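Structural overview for review
Listed below are the residues making up each chain.
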Amino acid sequence: MKAAPLRPAPYRVRRIKRELHGVTTLELVPAQGAVPAFEPGQFNMLYAFGVGEAAISISGDPAQADCLTHTVREMGAISTALAQAHPGTMLGVRGPFGTAWPTRAAEGLDVVLIAGGLGLAPLRPAILRLLAARPLYGRLILLYGARSPNELLYRHELEHWRQRLDVDIHVTVDYADAGWHGNVGVVPRLIPRLGLDAQNTLAMVCGPEVMMRFCGAALHDAGVAMDRIHLSMERNMKCALGLCGHCQFGADFICKTGAVMRYDQVAQRLRLREI
Amino acid sequence: MGEEYRLTLAGLQALLDALGARGYHILGPRLRDEAIIYDEVTKLADLPAGWTDRQEAGQYRMERRADNALFGYALGPQAWRRFLQPPRHTLWRARRADPAADDFDILPADTAPPKFAFLGVRACELHAISIQDRILRDNAYADASYTARRAEAFFIAVNCGMAGGTCFCASMGTGPTAQTGYDLALTELLDATRHEFLIRAGSARGAALLAILPHTPANEADRAQEAAILADTAQHMGRTLETNGLKERLQANLEDPHWDEIATRCLSCGNCTMVCPTCFCTTLEDHTNLAGTEAVREQRWDSCFTLDFSYIHGDSVRAGIAARYRHWLTHKLANWVDQFGEMGCVGCGRCLTWCPAAIDITAEAAAIGRATHDQEDQHGNA
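Scoring rules and cut-offs
Residues numbered from 1 in each chain as written. Chains lettered and ligands numbered in written order. Predicted model: local features only at pLDDT ≥ 70, side-chain atom pairs only at ≥ 80, totals over all residues. Axes fitted to C-alpha atoms, helices over the stretch in contact; angles between N-to-C directions. Helix = DSSP H or I, 4+ residues; strand = E, 2+ residues; numbered from the N terminus. Parallel < 35°, antiparallel > 145°, perpendicular 65-115°, else oblique. Left-handed = near helix turned anticlockwise from the far one by under 90°. Contact = placed C-beta atoms within 7 Å. Nonpolar A, V, L, I, M, F, W, Y, C, P; charged D, E, K, R; others polar. Domains from an automatic or database assignment. Core = buried A, V, L, I, M, F, W, Y, C linked by C-beta atoms within 7 Å. Buried ≥ 20, exposed ≤ 12 C-beta atoms within 10 Å, placed from the backbone. Pairing = 2+ DSSP bridges.

Regarding the packing of helix α4 (residues 209-221) of chain A against helix α6 (residues 263-271) of chain A
All names here are of chain A. One way to put it is that α4 packs onto α6 with a least axis distance of 11 Å and a crossing angle of 120°. Looking at the two axes, α4 sits oblique to α6. As for the relative orientation of α4 and α6, their crossing is left-handed in sense. When α4 is examined against α6, the residues Glu-209, Arg-213 and Gly-216 are found in contact with a partner set consisting of Tyr-263, Ala-267 and Leu-270. Along the lines of polarity and charge, the residues of the contact of α4 with α6 split into three nonpolar, one polar and two charged.

Focus: the domain arrangement of chain A
A common measure of how large an interface is: the accessible area buried when the components associate. All names here are of chain A. Entries for chain A in the domain assignment read domain 1 (9-97) and domain 2 (110-271). Each of domain 1 and domain 2 has a C-alpha centre, and the two are 22 Å apart. Taken together, the contacts link 20 residues of domain 1 with 18 residues of domain 2. Only β2 (9-20), β4 (43-48), β5 (52-57), β6 (68-73) and β7 (90-97) provide two or more residues apiece to the side of domain 1 that touches domain 2. Ranked by the residues each element gives to the side of domain 1 that touches domain 2, the list is headed by β7, at three residues. Residues that form the side of domain 1 that touches domain 2 fall into these classes: ten nonpolar, six polar and four charged.

Brief notes about the domain arrangement of chain B
Residue and element names in this part refer to chain B. Looking at chain B, the domain boundaries give domain 1 (5-93 + 103-235) and domain 2 (246-381). When each unit is reduced to the centre of its C-alpha atoms, the spacing between domain 1 and domain 2 is 27 Å. Across the boundary between the two partners, domain 1 contributes 34 residues, which contact 31 residues of domain 2. Only β5 (59-64), β6 (88-95), α3 (123-137) and α5 (169-172) provide two or more residues apiece to the side of domain 1 that touches domain 2. Examining the composition of the side of domain 1 that touches domain 2, we find that nine residues originate from one element, α3, more than from any other. Across the side of domain 1 that touches domain 2, the residue classes break down as 17 nonpolar, twelve polar and five charged.

Comments concerning the nonpolar core
Counting residues in each nonpolar core, the largest one holds 193 residues, and the members touching the most others are Leu-82, Leu-91, Leu-113 and Cys-215 of chain A together with Phe-118, Ile-156 and Ala-157 of chain B. Aside from chain neighbours lying at most four places away, what touches Phe-118 of chain B is Leu-27, Trp-80, Ala-153, Phe-155 and Ile-156 of chain B.

Things to note about the pairing of β5 of chain A
All names here are of chain A. With six of its six residues buried, β5 lies for the most part within the structure. Residues Gly-52, Ala-54 and Ile-56 point to one face of β5 and Glu-53, Ala-55 and Ser-57 to the other, with burial holding for every one of them. Pairing between β4 and β5: six bridges, direction antiparallel. From the neighbouring strand, Leu-46 faces β5, where its bridge partner is Ala-54. Connecting the antiparallel pair β4 and β5 is a turn made up of three residues, with Gly-50 showing a positive phi of about 75°.

Side note on the environment of Asp-221 of chain A
Its location among the elements puts Asp-221 of chain A in helix α4. For the pair Asp-221 of chain A and Ile-191 of chain A, spaced 30 residues apart in sequence, the C-alpha to C-alpha distance is 9.5 Å.

Points about the sheet that holds β6 of chain A
Residue and element names in this part refer to chain A. Spatially, six strands are ordered β5-β4-β7-β2-β3-β6 in an open sheet, and the strand pairing comes out antiparallel. Bordering the open sheet on either side are β5 and β6, each of which pairs with just one other strand. Neighbour-to-neighbour, the strand axes of the sheet open up by a mean angle of 40°, direction not taken into account.

Description of the sheet that holds strand β10 (residues 168-173) of chain A
Residue and element names in this part refer to chain A. The strand order across the open sheet formed by seven strands is β11-β10-β9-β8-β12-β13-β16, and the pairing between neighbours is mixed. Both outer strands of the open sheet, β11 (183-184) and β16 (260-262), are each paired with one neighbouring strand and no more. Taken together, the three bridges between strand β13 (residues 229-232) and β16 define a ladder with antiparallel strand orientation. Its bridge partner lying in β16, His-230 is registered against Arg-262. Against the sheet, helix α2 (residues 120-132) touches β8 (110-116), β9 (140-146), β12 (201-206) and β13, its axis set at about 155° to β8.

Observations regarding the packing of α3 of chain B against helix α4 (residues 144-152) of chain B
Residues and elements named next belong to chain B. Axis separation between α3 and α4 bottoms out at 9 Å; the angle between their running directions is 140°. One way to sum up the angle between α3 and α4 is to call them oblique. Relative to α4, α3 is oriented so that their crossing is left-handed. Two secondary-structure elements touch here, α3 through Asp-133, Leu-136 and Arg-137 and α4 through Tyr-146, Thr-147 and Arg-150. Of the residues assigned to the contact of α3 with α4, the class counts are two nonpolar, one polar and three charged.

So, unusual backbone geometry
Leaving glycine aside, a negative phi is the common case for residues, and trans is the common case for peptide bonds. Looking along the chain, the bond that leaves Gly-95 of chain A and enters Pro-96 of chain A is cis, with omega of 0°. A cis amide bond links Gly-258 of chain A with the next residue in sequence, Ala-259 of chain A, at an omega value of 5°. One non-glycine residue, Ser-268 of chain B, adopts positive backbone phi at about 60°. Among the secondary structure elements, Ser-268 of chain B is positioned in the loop between α9 (258-263) and α10 (271-275). Here Ser-268 of chain B falls in the partly exposed class, since 19 other C-beta atoms lie within 10 Å of it. Positive phi outside glycine occurs at Ala-358 of chain B, with the angle close to 55°. Topologically, Ala-358 of chain B is positioned in the loop between α12 (350-353) and α13 (361-367).

This is how it looks when you write it as structure tokens:
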């Protein structure tokens, strides 16, 4: 039993980067002490003075120990206050919380990473860890779907990764514009074309629930074992300590047994509406 | 259970006095607004002598009893939860020099926990508190405020001399007799010849307090009278709930059309969650002063029947009332078992009594999956 850490620790915004319209990446450094260790896939509760707290996945490099990196989309009052912070702004941080992408269990296997929209942000720490230890893994495939070409997150970094010859990157958009020469369509449609060695493949999927549901099904159809497909689930998050009840998804508290969960454990519930 | 003793009405007053002298804020049943509510009690005259409650789904009426029983009712609308996990509670405050300042300080708001003595705790309520202990005290993280209030509290159980029309503690195995979790337990012995209590201690501090009260050893006749009262209460439960196979049946029938039928009656008002003694959900709210220099974070009760409860970026996951009722009922009677090893229902019946649409959890739980079962039965018979 630990005393409930409901009181945030003060952090300061060190740097900001406007990623897309309404999407900002924040680098946060603690006002006192060290940055806590985190695992790819975990999240923090970020607090903007007087406005409130939101659960935001960590999107930074787990090997970079001097700051916490978060990519925030302006959706409501809290996320807008967070995204509009400027260098020097103080924010509150509680965390890290939740389960991690299985980067260790993936060693020796081919890894398919599938992101939809802003879902690339929670996968980025896993991607960076896999790339940093590239020889430990088999084939690496990144599928990324966005609504349109100008909504591709981390575009510069995607180009950089694409230049590596040891990662297959497939990007698709729902709506193309005149300058787009890549794939058009939803991400799950790319899966059957990958020629996966299904027996030796592990998948990590992060995006809207409906997209993860179809990706889970497509990966399973391609022969990937259900317990090797990992999804990052999302529900309303308030305390992140398993005490407030908001993040329940069936019998799971997403803050405790998620956000990263195994497809075999959630497939039944993904099929149902309004769980 | 400890040794039984007899306590007179004067002895019960001595118990209140002794608790008061030890700095306890005593809370017990009082008649107010035509209901039994829990509030400050210092003398026996504060207790609802001669009153009882008549309860049915969607109905609660106070009525006179033929006698002067002090605890001659079943249960009021409030659970003790409101004192252990207050409906609204300040967690911390934040302050900055001016609204444009980058920096702020976060200051703890916690004060010393109040020291409560709860008089008249029913067996189902003791069980509900033990359920909340698992969630708010014995979990991976603990709710510090709950844990501190809980540790200070002194529990005086009163075994039930009557079952209410919506009671089903006997089905849930939580009553009507207090088995554990009390410091002192009373049974009211009232007939033409006497008005006394059978009292037993359930903890060292309960025994220490009992030792200084005027008491006499109970005899066989006293114990027999108590046993008869409690057996009679157990036999007169207003409701029953078949718990055998219930968790599995609910979890296997999440798409039963009966959920939609319930939604035509459920107002999604959240009353059931406000009166439930095991409901624990809270939300966090932030407020600032007009100058924008002071911020406060509060924890307050929340209800899974609100749209806000499941809101994520632009939409509520459980937009329909059927989904919200399904979430509540399957949590109480099924998912709670997966989470905490027991059901989150003690059979107190408050959710039936205080539902403005008279929705009965025992009837709805029995109805879910019934169509499937009937079909299976027909196949079986064919």
